[in-house]
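Now for the letters of each chain:
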Amino acid sequence: MSSELVKCVVWDLDDTVWDGVLSEGSGVELRPGVRALIDALDQRGILQSIVSKNDEKAALAELERLGIRHYFLVPHVSWQPKSELVQDIAQRLNIGLDTVMFIDDSAFERAEVEFAHPQVRCVDAAEIADLLDRPELSRPVTEDGRTRRTMYLQAEERSEYEKSFAGPQIEFLRSLQMRLTVAVATPADLERAAELTERTHQLNTTGLTFSKAELRELMDRPDQTLLVARLEDRFGVYGTIGLTLVGRTAQEWRIRLFLMSCRVMGRNVGGAILRYLAQSAEAEQARLTADFKPTDVNRPMYTVYRLAGFKKTAAEGPAQVLEMAPGLQHGYPDYLELSLPSSS
C-alpha cells in the first residue's frame, strides 16, 4: 500500500453518498454526515469524483437536487466496470492511482477495483465515520487547498481553450496573459510549501520533503532563502506552483530543492525562476549551482536546468551537482508579466 497522500476520493452513490437505490424510484436522501464529510474534504483540497452504475442524467439531477453536484469533478455514471471508470478519472485529473481512494458499499465493487488497481485504497461505505482521521486524508486547510477544485475547473477551461487555439504555441502563451510572482516565503506560506514538498514528485529536483516546522527553521536562517512562486492568467489563479530552497555563502548559491506543480508544465515558469536566481547570484559575485537527484519521473526538471544554462560538474555525492555557466544573457519570456523580489 502506498504511503502517498490521497489526492482524490471517488464516491459510489447508492447506499454510499445517499441512502437507497435511485433506480428503484422510492426516493433517496443523503446519508447522515456525508455532506459534512464531502465539504471537509473539499476544504482540505482533496478532489472528489463519482463512479456509479446508474442512469447518468437521473444521477446527476439527483446530485443537483441534493445540492452537492458542484463538489464532484469528472463524474462517471455508466454501466462499465468501476475499475475502468476509476482509472479514467485518475487520467483526467492527471494524478496517480496510488493517490486515489474509492468508497463503495458493495464488497464486490471494491474487490473488482482492488483486483485491477491494488494501489487504490478501497473503503467500505459503512466505515466512513472516521474518514477524516485517516492519515492519508489528514491535511491542514490552506488557501490553495480551499480553491483546488476551482483551479481544476479553470484548468479544464484552459485546456479546452488550448485545443481550440489555431495559432503558434508562442501566441497561445501570450494570449494567456500570465503573471508570475516570485517572493521570499513568509510564515503564511509554510503550510502550502510543506504540502508541495509532500505532493510533488515528478517535477522535484532532489525529492527532499520538509515539514512546516523544518521550513520555518530554514526560513529563519540567514544562509538559506526559501522562495515561493505563484501564477495567474486570464482564466484564474494557479495558486502557489513553485518552491525553491537556496543555500547561500559568499562564494556560492546552491539550489537544494527546486520543484514545480505539473499544472504549469510548458509555460517556462521554471526557466524564469532560474533566470532570476542567476541574475541575483551574479550581482553578488557568487556561483550558482544546483543539486539534482535523478529519479524515474523527474527528468523534465533536468531539462529545465539544461535549457537554463546549467551543466554537470565533476562533484560526487548522493546528488549530481550542476552549475550555471557564467555570463549567459538569457532574457525572460515576453509572455510572462513578472513580479520579483527587489533584492535577495
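As shown above, the structure is provided for reference.
Below is a short write-up of the structure.

Conventions we followed
- Residues numbered from 1 in each chain as written.
- Predicted model: local features only at pLDDT ≥ 70, side-chain atom pairs only at ≥ 80, totals over all residues.
- Heavy atoms only, no water.
- 1 Å grid on protein atoms, 1.4 Å probe; cavity = no way out; pocket = protein on both sides within 12 Å on 5 of 7 lines; lining within 4 Å.
- Points joined across faces, edges and corners; volume = space filled by probe spheres on them.
- Helix = DSSP H or I, 4+ residues; strand = E, 2+ residues; numbered from the N terminus.
- Nonpolar A, V, L, I, M, F, W, Y, C, P; charged D, E, K, R; others polar.
- Axes fitted to C-alpha atoms, helices over the stretch in contact; angles between N-to-C directions.
- Parallel < 35°, antiparallel > 145°, perpendicular 65-115°, else oblique.
- Left-handed = near helix turned anticlockwise from the far one by under 90°.
- Contact = heavy atoms within 4.5 Å.
- Buried < 20%, exposed > 50% of the residue type's maximum accessible area, 1.4 Å probe, protein only.
- Pairing = 2+ DSSP bridges.
- Right-handed = clockwise from strand over helix to strand, strands pointing away.
- Salt bridge = Lys/Arg side-chain N within 4 Å of Asp/Glu carboxyl O.
- Polar contact = N/O pair within 3.5 Å; in protein donor to acceptor, adjacent residues only side chain to side chain.

**A few points about the layout of surface pockets**
At step 1: By volume, the largest pocket amounts to about 580 Å³.
At step 2: For the largest pocket, the lining is made up of 20 residues, of which Arg92, Asn94, Ala155, Glu156 and Ser159 are closest to its centre.
At step 3: Listed by contribution, the elements that provide at least two residues to the lining of the largest pocket are α3 (82-93) and α6 (148-164).
At step 4: Among the elements that line the lining of the largest pocket, the one with the most residues is α6, at 9 residues.
At step 5: In terms of residue class, the lining of the largest pocket is made up of 10 nonpolar, 2 polar and 8 charged.

**Describing empty space enclosed by the protein**
At step 1: All told, the structure shown has 2 cavities of 30 Å³ or more when counted by the stated rule.
At step 2: When its volume is computed, the second largest cavity comes out at roughly 30 Å³.
At step 3: Lining the second largest cavity we find Met151, Ala155, Arg158, Val237, Tyr238 and Arg263.
At step 4: If you list the elements that add at least two residues to the lining of the second largest cavity, you get α6 and β10 (236-248).
At step 5: Among the elements that line the lining of the second largest cavity, the one with the most residues is α6, at 3 residues.

**A word on the packing of helix α10 (residues 269-283) against helix α11 (residues 299-308)**
At step 1: Contact pair α10 / α11: the axes reach a minimum separation of 9 Å and the direction vectors enclose 50°. As far as their axial angle goes, α11 and α10 are oblique. For the crossing formed where α10 meets α11, the hand is right-handed. In this structure, α10 uses Gly270, Gly271 and Leu274 to contact α11, whose residues at the interface are Val304, Tyr305 and Ala308.
At step 2: A breakdown of the residues in the contact of α10 with α11 according to their chemical character gives 4 nonpolar, 2 polar and no charged.

**Some thoughts on the pairing of strand β6 (residues 100-104)**
At step 1: Most of β6 is tucked away: 5 of the 5 residues are buried.
At step 2: Covered by surrounding structure in β6 are Val100, Phe102 and Asp104 together with Met101 and Ile103, the residues of both alternating faces.
At step 3: In terms of strand pairing, strand β1 (residues 8-11) meets β6 through 4 bridges, oriented parallel. Each bridged residue has a counterpart across the sheet, and for Cys8 the counterpart in β6 is Val100.
At step 4: Bridge analysis of β6 against strand β7 (residues 121-124) gives 4 bridges, and the strand direction is parallel. Bridge pairing links Met101 to Arg121 in β7.
At step 5: At this point the chain moves from β6, through helix α4 (residues 107-116), to the parallel β7, and the crossover so formed is right-handed.

**As for the pattern of salt bridges**
At step 1: Tallying each qualifying case throughout the model produces 23 salt bridges.
At step 2: In this structure, Asp124 engages Arg110 in a salt bridge whose closest nitrogen and oxygen atoms are separated by 3.6 Å. With Asp124 in strand β7 and Arg110 in helix α4, this pair connects stretches of sequence that are 14 residues apart.

**Section: the side chain of Asp12**
At step 1: On the secondary structure map, Asp12 appears in the loop between β1 and β2 (18-19).
At step 2: Classification of Asp12 as buried rests on a relative accessible area of 4%.
At step 3: At 2.9 Å, the side chain of Asp12 forms a polar contact with the side chain of Thr16.
At step 4: In contact with Asp12, not counting residues within four places along its chain, are Val17, Val51, Ser52, Lys82, Ile103, Asp104 and Asp105.

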